[in-house]
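# Coordinate analysis (summary)
Below are the chains, spelled out letter by letter.
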Amino acid sequence: MTTDSMPYRLFLDGAYCLGNGGPSRPLINPSTGEAFAEVESAGVDQVALAAESAQRALDGVWRDLVPGKRAEILFRIAAVLRENTEELARLESLQVGKPIGDSRDEVGLGARIFEYYAGGISRFYGQTIPVARGGLDFTLRQPLGVVAAIVPWNFPFAIACWKVAPALAAGNAVLLKPASLSPLTALKLGELAHAAGLPAGVLQVLTGSGGVLGDALVTHPLIRKVSFTGSTSVGRRIMNLASQNLTRISLELGGKSPNIVFADADWEKAADTSPLSVFANIGQDCCARSRVYVERPIYEAFVARFVAATRRLIVGDPFDPATQLGPMVSAEQRSSVEEYLQDARRSGSRIQCGGGRLDSKGFYLEPVILTEVRPEHRCWREEIFGPVAAVVPFDDEASMLSDVNASPYGLSGSVWTRDLSRALRTTRIIQSGVLSVNTHSSVHVEAPFGGFKQSGFGRDLGMAAMEGYSELKNVYVAE
Ligand code: NAD
């Protein structure tokens, strides 16, 4: 494993440059607990400078580029990302401890996202509207201007791509703010996009603490939209601050997603696939199916099979190709999960498996399945953001659904049943932005992704994301 000796710098206006926000900060490799690189922090005044140069790049070049040229650049970015898969994947695994295979998949997903939106540029239609008084009425989709994309550390590269690509495709310039734990693949994205032909200033990457840079980004008058993915508490702060300039926001926040297994389902398949629906990325996933509802007649058998499948998961070194689950992202994140486990023990829940640390200096935690959990327990109600699933039996569909909808969150969920009417009924009733039936797969590049209730609003992915980065203008021409 290499240690990068030079501090990583900010990527502003087409070049790497020093940050003036204080001394550079160490990045810790979660699988060893040791520092492996340093990164510069942007100063608050650099936020303003970046916003101004983004506006200049927009006005001077990007806004007026013909759609075909914009598409060509986005396709080239995708190609350059693919060529750099190994380097991007290495950086992702180093900074957040993700298994290397998952990191490669994330880079592939990022490239696919750029391709999808490159193709989407020529399908980003307005409408002609038959207004009552005749003449010609039509709508135009126009860029918002400079957009701030603030992204978390759990899928740092994929989420950066799924905000940056549609925003660029719609003709905006972007200031990308990665999480302090995971700046490296975002910086590389800025560099590679520029190398692929994106004009200087159209995508800039500001590293540093969200607490320091966040307010400056959200309140800067040139920023027309803040697209945020992260915790509900930071989302709430952004929403308050954005009201100052009536800046548009989209918020993709936390989740506490259900996995509902009816007795008529292929429950063996459900049990075999449920471990990765909650423990993939070591549970640090906003869509983690962490509340498992199982219909009473199959409850005991399901739990036994779910536990057995979980015990087979391989936890270990992210750079070992056999590894399925790496370490947690930080010592703090692991401690916060362990506090939830202590609380679960105190409340009388039973730990069916997991909860141990590996014999390593890395931040490992074996995946945990809890039973005998009550609706009022914190482990059942709160987003843990770690490898903890809780399973409960249910007898009655209506009261189970009412418990599902009692959560303040509404991001994703799975329903397992062979009864089509039940599938249609339950997916209509569950208050959630994305749902899957007889699978756990619910995130697709081509389909909208986002939450209900305190999981946020606005949509990433699909053409809905591109619409969210555009103004809708109506033009009427008299006959
Ligand atoms: P976080 O809210 O701590 O940080 C997210 C980003 O916001 C980071 O870039 C951080 O630096 C920045 N930030 C921190 N304080 C800020 C402030 N005051 N103003 C502006 N920006 C600020 O979240 P995290 O710990 O990085 O990620 C975990 C959370 O993200 C979980 O709650 C998870 O559910 C959520 N998440 C949601 C989705 C989704 O699509 N709904 C996807 C991934 C993660």
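For the structure, check the block above.
Conventions and cut-offs
- Residues numbered from 1 in each chain as written.
- Predicted model: local features only at pLDDT ≥ 70, side-chain atom pairs only at ≥ 80, totals over all residues.
- Heavy atoms only, no water.
- Helix = DSSP H or I, 4+ residues; strand = E, 2+ residues; numbered from the N terminus.
- Rg over C-alpha atoms; globule rule 2.2 N^0.38 Å.
- Buried < 20%, exposed > 50% of the residue type's maximum accessible area, 1.4 Å probe, protein only.
- Areas by Shrake-Rupley, 256 points an atom, 1.4 Å probe, with all protein chains shown as cover.
- Lys, Arg positive; Asp, Glu negative; His and termini not counted.
- Charge placed at Lys NZ, Arg CZ, Asp CG, Glu CD.
- Near = heavy atom within 4 Å.
- Polar contact = N/O pair within 3.5 Å; in protein donor to acceptor, adjacent residues only side chain to side chain.
- Nonpolar A, V, L, I, M, F, W, Y, C, P; charged D, E, K, R; others polar.
- Pairing = 2+ DSSP bridges.
- Contact = heavy atoms within 4.5 Å.
- Axes fitted to C-alpha atoms, helices over the stretch in contact; angles between N-to-C directions.
- Phe/Tyr/Trp six-rings, centres within 6.5 Å; stacked < 30°, edge-to-face > 60°.
- Parallel < 35°, antiparallel > 145°, perpendicular 65-115°, else oblique.
- Salt bridge = Lys/Arg side-chain N within 4 Å of Asp/Glu carboxyl O.
- Core = buried A, V, L, I, M, F, W, Y, C linked by side-chain atoms within 4.5 Å.
- Expected span 1.5 Å × (residues − 1).

This part is about the overall build of the protein. Across its full length, the protein carries 15 helices and 21 strands. Compactness check: the protein gives a C-alpha radius of gyration of 23 Å against a globular reference of 23 Å for 479 residues, within 12% of the reference. Seen through its C-alpha atoms, the protein measures out along the principal axes to roughly 65 × 65 × 40 Å. Considering the protein as a whole, with its 479 residues, one finds that 57% of them fall into the buried category. Of the accessible surface of the protein, which amounts to about 19000 Å², a share of 53% is contributed by carbon and sulfur atoms. Counting 47 positive and 51 negative side-chain charges, the protein places the averaged centre of each group 3 Å from the other.

Before going further, it helps to examine the site of the ligand. Taken together, 27 residues are adjacent to the ligand, and Val151, Lys177, Ser231, Leu253 and Glu383 come closest. Between the ligand and Lys177 there is a distance of 2.8 Å, counted from an oxygen atom to a side-chain nitrogen or oxygen. In this structure, a nitrogen atom belonging to the ligand sits 2.7 Å away from a main-chain N or O atom of Leu253. Contact with the protein chains hides 89% of the accessible area of the ligand, taken as 840 Å² for the molecule alone. Partitioning the shell around the ligand into residue classes produces 15 nonpolar, eight polar and four charged.

This next bit is on unusual backbone geometry. Phi at Glu372 is positive, roughly 55 degrees, even though this residue is not glycine. By secondary structure assignment, the location of Glu372 is in the loop between β14 (368-371) and α12 (378-381). A relative accessible area of 48% means that Glu372 is categorised as partly exposed.

Let us look at the sheet that holds strand β15 (residues 388-394). The sheet built from seven strands is open, its strands ordered β13-β14-β15-β12-β11-β17-β18 with mixed pairing. Looking at strand neighbours, the two that pair on one side only are β13 (350-353) and β18 (436-437), the edges of this open sheet. As judged from the three bridges shared by β14 and β15, these two strands associate in the parallel manner. Bridge assignment links Leu370 to a residue of β15, and that residue is Ala390. On the sheet, helix α13 (residues 397-405) packs against β11 (258-261), β12 (291-295) and β15 and is oriented at approximately 175 degrees with respect to β12.

Now for the packing of aromatic side chains. The tally for this structure, following the rule as stated, stands at eight aromatic pairs. Their ring planes at 90 degrees and their centres at 5.4 Å tell us that Phe262 and Phe394 sit as a pair that is edge-to-face. Here Phe262, found in the loop between β11 and α9 (267-279), pairs with Phe394, found in strand β15; they are 132 residues apart in sequence, far enough to count as distant. Residue classification places Phe262 among the buried positions, given a relative accessible area of 0%. Taking 5.2 Å as the distance between ring centres and 75 degrees as the angle between the ring planes, the aromatic pair formed by Tyr293 and Trp380 counts as edge-to-face. Of the two residues, Tyr293 is situated in strand β12 and Trp380 in helix α12; the sequence distance between them amounts to 87 residues. Like Trp380, Tyr293 is buried. What links up through ring pairs into an aromatic cluster is the set Phe279, Phe302 and Phe306.

The contact between helix α4 (residues 100-120) and helix α5 (residues 156-169) brings their axes to 9 Å, and the two run at 10 degrees. Our classification of the angle between α4 and α5 gives roughly parallel. Facing α4, whose interface residues are Glu106, Val107, Leu109, Gly110, Ile113, Phe114 and Tyr117, α5 presents Pro156, Phe157, Ala158, Cys161, Trp162, Val164, Ala165, Pro166, Leu168 and Ala169. Class assignment for the residues of the contact of α4 with α5 results in 15 nonpolar, one polar and one charged.

What follows is about the pattern of salt bridges. Under the definition given, this model contains 23 salt bridges. Note that Asp272 and Arg305 form a salt bridge whose closest N and O atoms lie 2.9 Å from each other. Of this pair, Asp272 sits in helix α9 while Arg305 is found in helix α10 (residues 299-311), placing the two residues 33 residues apart along the sequence. In this structure Asp272 comes out as partly exposed when scored by relative accessible area, which is 35%. The closest approach of N and O atoms between Arg422 and Glu397, which form a salt bridge, is 3.7 Å. Taken together, the positions of Arg422 in helix α14 (residues 420-429) and Glu397 in helix α13 put the pair 25 residues apart, joining distant regions of the chain. Comparing Arg422 with Glu397, the two get one shared label, buried. Residues joined in a network through salt bridges with shared partners are Asp264, Glu397, Arg422 and Arg425.

Within the largest apolar cluster, 94 residues are counted, with the highest numbers of intra-cluster contacts made by Leu81, Phe114, Leu176 and Leu189. Of the residues forming this core, the biggest block, 10 residues, is contributed by α5. Sequence-distant contacts of Leu176, defined by excluding residues within four places in its chain, comprise Ala149, Val151, Ala160, Val164, Ala186, Leu189, Leu203, Gln204, Val205 and Leu206. The next biggest cluster of nonpolar side chains, apart from the first, holds 50 residues, and it includes Ala288, Trp380, Ala389 and Ala390.

On to helix α3 (residues 85-96), then. For α3, with 12 residues, the first-to-last C-alpha span of 16 Å sits near the 16 Å given by 1.5 Å per residue. Burial analysis of α3 places 10 of its 12 residues in the buried class, which makes it a mostly covered element. Residues Thr85, Leu88, Ala89, Arg90, Leu91, Glu92, Ser93, Leu94, Gln95 and Val96 constitute the buried set of α3. Buried residues along α3 sit against β3 (25-29), β4 (34-39), α2 (67-83), α4, α5 and α6 (184-195). With its phi angle positive at about 80 degrees, Gly97 sits one or two positions after the end of α3.

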